[in-house]
Amino acid sequence: MSDKIYKVLKRPLITEKSTVEKDAHNKLFFEVARSANKIEIKQAVEQIFKVDVLAVCTVNMKGKTKRVGRFITHRPDWKKAVVTIKPGQRVEFFEGV
């Protein structure tokens with residue numbers, strides 16, 4: 001079970017918007033496995049970061065079409081999760097920086 005929770009969360013999304021949402025509304029953004037559901041995402045965040053999760057919203061993101069010279073390529077589709085944690089709890093991704 002512990003190995004599976006690390007396969008659910010791929011990476012945190014650190015953007016300007018996610019930083020503002022984290023500070024203002026206690027929301028965390030993650031790239032997650034395409035097969036993960038909301039229950040698995042909630043359990044993974046609670047076990048890894050030791051916080052209480054109030055809500056999980058997921059969004060299927062379509063990969064962009066890119067052009068490289070005369071060739072057209074396609075970036076892969078991915079899944080984004082927005083996790084709302086209990087007020088007063090914090091998760092620091094870059095503590096010592």
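Asks: Any chance you could break down unusual backbone geometry for me, citing the residues and the numbers?
Replies: The phi dihedral of Asn-26 falls on the positive side, at around 55°, and the residue is not glycine. As for its position among the elements, Asn-26 is in the loop between α2 (16–25) and β2 (27–32). Residue classification places Asn-26 among the buried residues on the basis of a relative accessible area of 16%. Phi at Lys-50 is positive, roughly 55°, even though this residue is not glycine. In this fold, Lys-50 is placed in the loop between α3 (38–49) and β3 (53–61). Judged by relative accessible area, which is 67%, Lys-50 ranks as exposed.

Asks: An account of the environment of Val-45 is needed here, citing residue identities and associated values.
Replies: Topologically, Val-45 is positioned in helix α3. Separated by 38 residues in the primary sequence, Val-45 and Val-83 have C-alpha atoms spaced 8.3 Å apart. Not counting chain neighbours up to four residues away, the residues in contact with Val-45 comprise Leu-9, Phe-30, Lys-50, Val-51, Val-53 and Val-83.

Asks: Before we move on, can you summarise the confidence of the model for the chain with the specific residues and values?
Replies: A low pLDDT score tells you not to read the predicted coordinates there in detail. A residue-level look at the chain finds 94% of positions with pLDDT of 70 or above and a mean pLDDT of 92. Summarising per-element confidence for the chain, the mean pLDDT is lowest in helix α1 (residues 2–8) (85) and highest in β3 (98).

Asks: Give a description of empty space enclosed by the protein that names residues and reports values.
Replies: As enumerated under the stated definition, the model contains 1 cavity of 30 Å³ or more in all. In this structure, the largest cavity spans a volume of roughly 40 Å³. Surrounding the largest cavity, Lys-22, Asn-26, Leu-28, Ile-85, Gln-89, Arg-90, Val-91 and Glu-92 form its lining. Looking at the lining of the largest cavity residue by residue, the classes come out as 3 nonpolar, 2 polar and 3 charged.

Asks: Any details on the environment of Ala-55? Residues and values, ideally.
Replies: If you trace the backbone, Ala-55 turns up in strand β3. Given the relative accessible area of 34%, Ala-55 is considered partly exposed. Remark: the alpha-carbon pair of Ala-55 and His-25, spanning 30 residues in sequence, is separated by 12 Å. The contacts of Ala-55, once residues within four sequence positions are left out, are Val-82, Val-83 and Thr-84.

Asks: With reference to specific residues and values, describe the pattern of salt bridges.
Replies: Opposite charge on two side chains allows them to pair when their charged atoms are near. Counted by the stated rule, this structure contains 4 salt bridges. Put simply, Asp-23, Arg-90 and Glu-92 are held in one network by salt bridges that share partners.

The rules behind these values
- Residues numbered from 1 in each chain as written.
- Predicted model: local features only at pLDDT ≥ 70, side-chain atom pairs only at ≥ 80, totals over all residues.
- Heavy atoms only, no water.
- Helix = DSSP H or I, 4+ residues; strand = E, 2+ residues; numbered from the N terminus.
- Buried < 20%, exposed > 50% of the residue type's maximum accessible area, 1.4 Å probe, protein only.
- Contact = heavy atoms within 4.5 Å.
- pLDDT = per-residue confidence, 0-100.
- 1 Å grid on protein atoms, 1.4 Å probe; cavity = no way out; pocket = protein on both sides within 12 Å on 5 of 7 lines; lining within 4 Å.
- Points joined across faces, edges and corners; volume = space filled by probe spheres on them.
- Nonpolar A, V, L, I, M, F, W, Y, C, P; charged D, E, K, R; others polar.
- Salt bridge = Lys/Arg side-chain N within 4 Å of Asp/Glu carboxyl O.

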